[in-house]
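# Secondary and tertiary structure notes
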Amino acid sequence: MEPESGITPPRNPSQLSWVNLSRNLLLAYQSLGVVYGDLSTSPLYVYSSAFTGRLRDQENEEAIFGAFSLIFWTFTLIPLLKYVVLVLSADDNGEGGTFALYSLLCRHAKFSLLPNQQAADEELSAYKYGHSSPSVGSSPLKRFLERHKKLRTVLLVVVLFGACMVIGDGVLTPAISVLSSVSGLQVTENKLTDGELLLLACVILVGLFALQHFGTHKVAVMFAPIVIIWLFSIFSVGLYNIIHWNPRIVIAMSPHYIIKYFRETGKNGWISLGGILLCITGTEAMFADLGHFTALSIRLAFAFVVYPCLVVQYMGQAAFLSKNLDCLPNSFYDSIPDPVFWPVFIIATLAAIVGSQAIITATFSIVKQCHSLGCFPRVKVVHTSRQIYGQIYIPEINWMLMILTLAITIGFQDTTLIGNAYGIACMSVMFITTFLMALIIIFVWQKSIFLAAIFLVFFLSIEGVYLSSAFIKVPQGGWVPLVLSSIFMLVMYIWHYGTRKKYNFDLHNKVSLKWLLGLGPSLGIVRVPGIGLIYSELATGVPAIFSHFVTNLPAFHKVLVFICVKSVPVPYVSPEERFLIGRVCPRPYRMYRCIVRYGYKDIQRDDGDFENQLIQSIAEFIQMEAVEPQFSSSESSLDGRMAVISTRNVQSNTSLIISVEEDTGLSSLIQSSKSLTLQSLRSVFDEDNSVRRRQVRFQLPPSPGMDPAVREELMDLIQAKEAGVAYIMGHSYVKARRSSSFLKRFVIDILYSFLRKNCRGPAVALNIPHISLIEVGMIYYV
């Protein structure tokens, strides 16, 4: 926006670049506390996890050199080359993670399985992101994948499996990080017993999960300094150990030592890769947490701070171990010089808590995104920060994670066993990211299949070797993420299956518009004053709940609005594009449709202003329709074209005059055709619940040139709003048909029914006031 004087100040490119750089440096500083907590605490347990089992018989200086060379090149190729250079470029409007990749693929090729997608969704500003020119090379492959629904289903299952592995990370990371950090107390003079150490770890874990409801932003200021002090500490200790114990360790950066390592250790060296891969656990957070920062800030933090500090620490630990082979079980704490042991121990414990905090928050985001895809039961989502959008807290998931984490900590009591499980979870997520990135290179970046194949073969060959080594340890703790993922996948599949069956029932039992038009504008019943908001998952057509209602009750509201709240495959939908308004029947029927669109990272906030925004949007649509005939419904298109109505533009428009006043609901009851009994009931409800209601009055502006039919329709809308708003929802009971197989009846009648009964109701999830809610019972035979 230009200044009021009308003079645009000259822009200095160097000044702009400095502002941009300083902003990215600040974000890079902040990212250290959120993104790198998990990755930076890996030195606590990598060497001790690698040198276990039969490899203990081959502990010598050459083996230590080879292990460090493996760590160095693994750390260079996967976090630095794959993620920092390549994967961070595959963002979705600044968002990262598995769902961002899936969302990009759904938009550039028709891979989406969400049933209620419309052509209007493709007009969203966030939808057209990345390359839009057609690619000749990928078109046959694209058509092949789009034709086969089973392949699209496999793609969704792969994405959900990656999401389940991230949830598994949320269970394993706090367990291994906290247990590894407190294990330092076993190398002190006054050693703690295993039971005392376990009790201390459990107390820290309970405190960690109990503080989650405050939100990450409450302690975010502390996080970055803790991780910076931790990185500086391990860098200094590593540098001291290199100089003091074995400066020759520098030559181990040569890949020649990897060849020697495998030549001497053979199969045992391959098995040890399950411990080596723990050096890159937490790498996925660089991409998953991209939405809170920028790609440049994360790259700066990793390349100039995290990477050199961790490489020097691993090198220093190897230098110490090469001269102290008997210290392998507690390699990290034994390598710390005595004068600085306690400061490093304290900061290690704090850094472990920070790393755990980041993955728990990421788990909340994953669950929220799964719900947006219709693949997770409805849960309570609390937005914990007004400043940082997207930071959420889910109570049910938090306490579930706490119970599982405590069970694993108490059950295993050994970081090596937990590390076996942790390695499988982390490497599985990276494996899936590599697979999705190959598809991104073809369909989104529109490069040749040959380049995608090179990327796929190169990184899958590296990660495949690590994953195969990790799977060898399934009997020694590696079964945990597989079992957890299977349980969460089962829940997701059952919920997705039942939801799709219910949606298909609605789709095939829509009310015929011919039947509706045959009833006439009065619908053949009494039209009572007020607005009826009919909630349905259908984006087009009239839901069966409507006919079920009118055939059982002899009255309906004068103004009807069919509302569909749906998710679209973009991270965020701007307020200007959230509402789609259209007309269902000809003007005298006073029936409208409103589609409210949310992205997979959007949060539906209860700002209490939905009704007023809806009325303003419909009023704007009525006036737009009169001016622009293409939006009007003709006899041939009774469910007419929908228009995007910007709520911000509406508020600045003069379609309606708005007056706002605050009261408690007692002083200014709306005088309308409602009975005094209903008014008194509402006032008692407001008084009991201490509700401060914002009374909004609408009036027509004095506009002599307004079309009389438009004025009459707007007056009907205003009067209906003053008479009151009722929310009408279906209270559905989903049952399998009698002819269904035993498995289908078991899944629908028992498992899906159990999930529906124990998750949050749709009215609660949509923040619908109970005093205005009407539920219509329906049985769905699917």
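Here's what I pulled together on the structure shown here. (Residues numbered from 1 in each chain as written. Predicted model: local features only at pLDDT ≥ 70, side-chain atom pairs only at ≥ 80, totals over all residues. Heavy atoms only, no water.)

### Here we look at unusual backbone geometry
- We note that Gln413 has phi near 55°; this positive angle belongs to a residue other than glycine.
- Structurally, Gln413 is set in the loop between α16 (395–412) and α17 (415–443).
- Judged by its relative accessible area of 46%, Gln413 falls in the partly exposed class.
- Unusually for a residue other than glycine, Gln446 sits at a positive phi of about 60°.
- Looking at the secondary structure, you find Gln446 in the loop between α17 and α18 (449–472).
- Given a relative accessible area of 21%, Gln446 falls into the partly exposed group. (Helix = DSSP H or I, 4+ residues; strand = E, 2+ residues; numbered from the N terminus. Buried < 20%, exposed > 50% of the residue type's maximum accessible area, 1.4 Å probe, protein only.)

### Here we look at the environment of Phe621
- Mapped onto the secondary structure, Phe621 falls in helix α22 (residues 610–627).
- Placed 40 residues apart in sequence, Phe621 and Ile581 show a C-alpha to C-alpha distance of 6.7 Å.

### Remarks on the packing of aromatic side chains
- Counted by the stated rule, this structure contains 31 aromatic pairs.
- Pairing Phe72 with Trp73 gives two aromatic rings, centres 5.2 Å apart and planes at 80°, and the pair type is edge-to-face.
- On the accessibility criterion, Phe72 (9% relative accessible area) is buried.
- With a relative accessible area of 28%, Trp73 lands in the partly exposed category.
- The interplanar angle of 85° and the centroid separation of 5.8 Å between the aromatic rings of Phe364 and Tyr393 together place this pair among those described as edge-to-face. With Phe364 in helix α15 (residues 341–372) and Tyr393 in strand β2 (residues 392–393), this pair connects stretches of sequence that are 29 residues apart.
- For Phe364, a relative accessible area of 1% translates into the label buried.
- Here the aromatic cluster, defined as three or more aromatic residues joined through ring pairs, consists of Tyr36, Tyr47, Phe75, Phe302, Tyr307 and Tyr314.
- Lys502 extends its terminal NZ or CZ atom over the ring of Tyr780, reaching a point 5.0 Å from the ring centre. (Phe/Tyr/Trp six-rings, centres within 6.5 Å; stacked < 30°, edge-to-face > 60°. Lys NZ or Arg CZ within 6 Å of the ring centre and 35° of its normal.)

### Let's talk about a nonpolar patch on the surface
- On the surface, Trp18, Val19, Leu21 and Leu25 cluster together into a nonpolar patch covering about 400 Å² of accessible area.
- Here Leu21 is to be found in helix α1 (residues 13–34).
- Its relative accessible area of 36% is what places Leu21 among the partly exposed residues. (Patch = residues over 30% accessible without salt bridge, like charges linked within 9 Å, V, L, I, M, F, W, Y side chains within 5 Å. Areas by Shrake-Rupley, 256 points an atom, 1.4 Å probe, with all protein chains shown as cover. Salt bridge = Lys/Arg side-chain N within 4 Å of Asp/Glu carboxyl O.)

### Things to note about the sheet that holds strand β10 (residues 725–735)
- Ordered in space as β7-β5-β6-β4-β3-β10-β11, the seven strands form an open sheet in which the pairing is mixed. Unpaired on one side and paired on the other, β7 (643–645) and β11 (773–781) mark the two borders of the sheet. On average, adjacent strands in this sheet sit at an angle of 30° to one another, irrespective of strand direction.
- Where β10 lies against β11, nine bridges are found, and the strand directions are parallel. Counterpart to Met729 in the pairing with β11 is Glu775.
- Across the sheet, helix α25 (residues 708–723) touches β3 (526–535), β4 (555–567), β5 (579–583), β6 (591–598) and β10, and the angle it forms with β3 is around 80°. (Pairing = 2+ DSSP bridges. Axes fitted to C-alpha atoms, helices over the stretch in contact; angles between N-to-C directions. Contact = heavy atoms within 4.5 Å.)

### As for α15
- When the terminal C-alpha atoms of α15 are compared, their 47 Å separation across 32 residues agrees well with the 46 Å that a helix rising 1.5 Å per residue should span.
- Judged by how many residues are buried, α15 sits mostly within the fold: 26 of 32 residues are covered.
- Of the residues trailing α15, Gly374 is marked for its positive phi of about 75°. (Expected span 1.5 Å × (residues − 1).)

### Points about helix α8 (residues 194–210)
- For α8, built from 17 residues, the straight-helix expectation of 24 Å at 1.5 Å per residue is met to within 8% by its first-to-last C-alpha distance of 24 Å.
- Within α8, burial applies to Leu197, Leu198, Ala201, Cys202, Ile204, Leu205, Leu208 and Phe209. Across the axial projection of α8, the buried residues extend over an arc of 165°, all falling on one side. Those residues of α8 that are exposed and aimed more than 90 degrees away from the buried face are Leu199 and Val203.
- In this structure, the buried side of α8 is in contact with α7 (149–182), α15 and α16. (Arc of directions from axis to C-beta.)

### Brief notes about empty space enclosed by the protein
- Going through the model one piece at a time under the given rule, you end up with five cavities of 30 Å³ or more.
- For the largest cavity, the calculated volume is near 440 Å³.
- Those elements that provide at least two residues to the lining of the largest cavity are α1, α7, α12 (284–288), α15 and α17.
- It is α15 that provides the largest number of residues to the lining of the largest cavity, a total of nine residues.
- Residues that form the lining of the largest cavity fall into these classes: 13 nonpolar, 13 polar and five charged. (1 Å grid on protein atoms, 1.4 Å probe; cavity = no way out; pocket = protein on both sides within 12 Å on 5 of 7 lines; lining within 4 Å. Points joined across faces, edges and corners; volume = space filled by probe spheres on them. Nonpolar A, V, L, I, M, F, W, Y, C, P; charged D, E, K, R; others polar.)

### Observations regarding the environment of Leu211
- Its location among the elements puts Leu211 in the loop between α8 and α9 (220–245).
- In sequence terms Leu211 and Gln357 are 146 residues apart; their C-alpha atoms lie 9.7 Å from each other.

Honestly, that's just the spatial picture; any functional story needs more than this.
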